[in-house]
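Each chain is listed here by its residues.
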Amino acid sequence: MNTIPRLHFAHLPTPIEELPRLSDHLGGPRILVKRDDQTGLAFGGNKTRKLEFLVAEAQEQGARTLISGGALQSNHCRQTAAAAAKYGFDCILVLNGEMPDKPSANLLLDQLFGAEVVTIADRNERDRVLQETFDKVVADGRKPYLVPYGGSSPTGALGYVFAMEELMKQWTDFRNLDHIVFGTSSGGTHAGLVLGQRVFGFKGKVLGISIDESEEWLKGRVSKLATEASERLGERIQFESAEVLANADYCKAGYGVLTEAEREAVNLFAKYEGLLLDPVYTGRAAAGMIDLIRKGYFKKDETILFWHTGGGTALFAEKYANRI
Ligand SMILES: *Cc1c(COP(=O)(O)O)cnc(C)c1O
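Per chain, residue numbering runs from 1 following the sequence as it is written. For this predicted model, a pLDDT threshold of at least 70 governs which residues receive local features, and a threshold of 80 or more governs which side-chain atom pairs are given and counted, while totals over whole chains, interfaces and linings are taken from all residues. Where side-chain values are given, they derive from all heavy atoms of the structure, hydrogens and water being excluded.

Engineer: Hey, could you run me through the site of the ligand in this one?
Structural biologist: Any residue with a heavy atom positioned within 4 Å of a molecule or strand is treated as near that molecule or strand. In the region of the ligand, 16 residues are neighbours, and Lys47, Lys50, Ser186, Thr189 and Thr309 sit closest. Note that an oxygen atom of the ligand is positioned 2.9 Å from one of the side-chain N or O atoms of lysine 47. Here an oxygen atom of the ligand sits 3.0 Å away from a polar atom, N or O, in the side chain of asparagine 75. Put simply, DSSP H or I for four residues or longer makes a helix, DSSP E for two residues or longer makes a strand, and each gets a number counted from the N terminus. Put simply, the parts of the chain that give the shell around the ligand at least two residues each are helix 2 (47–60), strand 7 (179–184) and helix 7 (188–200). Polar contact criterion, stated in full: a pair of N or O atoms within 3.5 Å, where within protein one must be able to donate a hydrogen and the other to accept it, and residues adjacent in sequence count only if both atoms are side-chain atoms.

This is the structure we're talking about:
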């Protein structure tokens, strides 16, 4: 496992904290939070762990330019742009959305890190424009490395395999950790945790709350990514869709659409714990967790670890700033 190329820039291990006041308020189980919003790179977040492996792979391939894509307020793209700056790559981001007069939050930071931003109106055009961008960089003789959406390739997922190992070293009282809950979208975080669960023998459940994809798609995607990532570790482990726990009950409003549920979650975490969530990912994941607590899915005597995946910078995006 130690022969896989990896850079070390994340601030690890990230802390685990108790959320007793939130737990009291909900009359629910013990709630812990794993602070991956504090991974250190450009306001942190879950993409940092993936980028340690992805940027190492790009370096190994002799790439000079990192190319990636996402939504206008993509946390993944903000972190990719920061990593590119740190390791001396050019960076081109293909973002769907309209370039505002005054870029804010993640988009502002992309520019600060020196990334070239290409905006496209239609999300369905993203794959094509990414490919064109890639081909153009090749033609210009600056070898590109395509960082997949959300950093979710088998290589990127390795970040969360080792995150599971980190958690298990940190938290030795495993009889008492029943559920890990987090937001899942492009599946890399989820796949890494599922594979890490198997490799390091975590006994609790690993439940991804979908941000924008169907349960069926996520289960297929996560099992495939976890299987492929296991090959990187030297031994293929076949994962089946049915082994993956995903809940897509909380994403019906669509990606990045703020509803009362996310608003309540962001406000409860802020008011009871002084902890910031984001409107798109952790707000939605926490809203799912809160609803499942209220429905009795998590029992009072159980312990939940909410894996905070970052994203708080989006609170300052004009789209959300006055609406949360
Ligand atoms: C990207 C992201 C996620 C989702 O992670 P995936 O590995 O893409 O499923 C969750 N939370 C935040 C804040 C993110 O930026």
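Engineer: What should I look at first to understand the sheet that holds strand 5 (residues 116–120) in this one?
Structural biologist: Pairing is parallel in the open sheet, where 4 strands are placed in the order 5-4-3-6. At either end of the open sheet lies a strand with only one pairing partner, and these are strand 5 and strand 6 (144–146). Across the sheet, the mean angle separating the axes of adjacent strands is 25 degrees when strand polarity is ignored. Two strands are said to pair when DSSP picks up at least two bridges between them. The pairing of strand 4 (residues 90–96) with strand 5 spans 5 bridges and is classified as parallel. Each residue of the ladder has a partner; that of leucine 95, found in strand 5, is threonine 119. To obtain each axis, a line is fitted to C-alpha atoms, and for helices this fit is confined to the stretch in contact; angles are then taken between N-to-C directions over 0 to 180 degrees.

Engineer: Please explain the domain arrangement of the protein as it appears in this structure.
Structural biologist: By convention, interface size is frequently given as the accessible area that disappears when the constituent parts associate. Domain start and stop positions are those given by an automatic or database domain assignment. As far as domains go, the protein holds domain 1 (16–45 + 153–321) and domain 2 (47–151). Contacts are assigned to residue pairs with any non-hydrogen atoms lying within 4.5 Å of each other. Each side of the interface is counted separately: domain 1 has 31 residues, and domain 2 has 27 residues. Joining two parts hides part of their accessible area as seen by a 1.4 Å probe, and the buried area is that hidden amount summed over both. It is Leu41, Thr155 and Glu318 in domain 1 that bury the most area against domain 2; as a group they hold 23% of the surface buried on that side. Just to be clear on terms, a salt bridge is a Lys or Arg side-chain nitrogen sitting within 4 Å of an Asp or Glu carboxyl oxygen. At the boundary of domain 1 with domain 2, the tally comes to 2 salt bridges. Of the charged contacts in the structure, one is a salt bridge between aspartate 36 and arginine 49, with a shortest N-O distance of 2.7 Å. Counting every contact that joins domain 1 to domain 2 gives 14 residue pairs in polar contact (both at pLDDT 80 or more). Listing elements by their share of the side of domain 1 that touches domain 2, those giving two or more residues are helix 6 (154–170) and helix 7. Just so you know the grouping, Ala, Val, Leu, Ile, Met, Phe, Trp, Tyr, Cys and Pro go in nonpolar, Asp, Glu, Lys and Arg go in charged, and all remaining residues, Gly too, go in polar. Here the side of domain 1 that touches domain 2 is built from residues that sort into 14 nonpolar, 12 polar and 5 charged.

Engineer: I would appreciate a short explanation of the packing of aromatic side chains in the present structure.
Structural biologist: Aromatic ring pairs are reported here in terms of the distance separating the ring centres and the angle at which the planes meet. Each Phe, Tyr or Trp ring, with Trp reduced to its six-membered ring, pairs with another whose centre is within 6.5 Å; inter-plane angles below 30 degrees give stacked pairs, above 60 give edge-to-face pairs, and intermediate values give tilted ones. This structure, assessed with the given rule, holds 6 aromatic pairs. Between the aromatic rings of tyrosine 255 and tyrosine 281, the centroid separation amounts to 5.8 Å while the plane-to-plane angle is 75 degrees, which identifies the pairing as edge-to-face. One end of the pair, tyrosine 255, is in the loop between strand 9 (245–247) and helix 9 (260–273); the other, tyrosine 281, is in the loop between helix 9 and helix 10 (282–294), with 26 residues separating them in the sequence. Aromatic side chains tyrosine 297 and phenylalanine 298 sit 4.9 Å apart centroid to centroid with 85 degrees between the ring planes, which places their arrangement in the edge-to-face category. For tyrosine 297, a relative accessible area of 38% puts it in the partly exposed group. Only protein chains enter the accessibility calculation, which uses a 1.4 Å probe; a residue is then buried when its area is under 20% of its type maximum, exposed when over 50%, and partly exposed in between. Judged by relative accessible area, which is 3%, phenylalanine 298 ranks as buried. Lysine NZ or arginine CZ positioned within 6 Å of the ring centre and within 35 degrees of the ring normal marks a charge as sitting over the ring. Arginine 49 extends its terminal NZ or CZ atom over the ring of tyrosine 160, reaching a point 5.5 Å from the ring centre. The lysine or arginine in question, arginine 126, covers the ring of tyrosine 149, its NZ or CZ lying 4.4 Å from the ring centre.

Engineer: Sorry, what's going on with the pairing of strand 4 here?
Structural biologist: Counting buried positions along strand 4 gives 6 out of 7 residues, so the element sits mostly inside the fold. Where strand 3 (residues 65–71) meets strand 4, 7 bridges bridge the pair, whose relative direction is parallel. When the sheet's bridge partners are listed, isoleucine 67 is paired in strand 4 with isoleucine 92. Seen with the strands pointing away from the viewer, any crossover whose path from the first strand over the helix to the second strand runs clockwise is right-handed. In this region the chain leaves strand 3, passes through helix 3 (residues 75–87) and returns to the parallel neighbour strand 4; the handedness of that crossover is right-handed. Between the parallel pair strand 4 and strand 5, the chain is carried across by helix 4 (residues 105–112), and the sense of this crossover is right-handed.

Engineer: What is the right way to read the packing of helix 6 against helix 8 (residues 215–232) from this model?
Structural biologist: What describes two packed helices is the angle between their axes and the distance between those same axes. Between helix 6 and helix 8, the least distance of the axes is 9 Å, while the angle of their chain directions is 85 degrees. The orientation of helix 6 relative to helix 8 falls into the category roughly perpendicular. Contacts from Pro154, Thr155, Ala157 and Leu158 in helix 6 reach Leu225, Glu228, Ala229 and Arg232 in helix 8. Note that the term roughly parallel is reserved for angles under 35 degrees, roughly antiparallel for angles over 145, roughly perpendicular for angles of 65 to 115, and oblique for everything else.

Engineer: For this particular structure, what's the right way to read the sheet that holds strand 8 (residues 205–210)?
Structural biologist: The pairing of strands in a sheet comes from backbone hydrogen bonds and takes either a parallel or an antiparallel form. Strands sit in the order 1-2-10-7-8-9 across an open sheet of 6 strands; the sheet is mixed. Across the chains shown, the open sheet's two edge strands, defined by having one partner strand only, are strand 1 (16–18) and strand 9. Strand-to-strand, the axes of this sheet are offset by a mean angle of 30 degrees, without reference to chain direction. With 6 bridges joining them, strand 2 (residues 30–35) and strand 10 (residues 303–308) adopt parallel strand pairing. In the sheet register, leucine 32 faces strand 10, and the bridge partner there is leucine 305. Against the sheet, helix 6 contacts strand 1, strand 2, strand 7, strand 8 and strand 10, and its axis sits at roughly 135 degrees relative to strand 10. The strands touched by helix 10 are strand 2, strand 7, strand 8, strand 9 and strand 10; relative to strand 10, the strand with the most contacts, the crossing angle is about 165 degrees.

Engineer: Would you mind going over helix 3 with me for this structure?
Structural biologist: Along an α-helix, residues three or four positions apart point the same way, because every turn accommodates 3.6 residues. Take the residue count of a helix, subtract one, and multiply by 1.5 Å to get its expected span. Here helix 3 spans 18 Å end to end across 13 residues, near enough to the 18 Å set by a 1.5 Å rise per residue. Taking burial as the measure, the 13 residues of helix 3 include 10 buried ones, the bulk of the element. Turning to helix 3, its buried residues number three or more, namely Asn75, His76, Cys77, Arg78, Gln79, Thr80, Ala81, Ala82, Ala83 and Ala84. By the N-cap criterion, in which a side-chain oxygen at the helix start approaches the backbone nitrogen of a residue two or three places on, helix 3 is capped by serine 74, the distance to histidine 76 being 3.2 Å. Taken from the residues just after helix 3, glycine 88 is the one with a positive phi, measuring 75 degrees.

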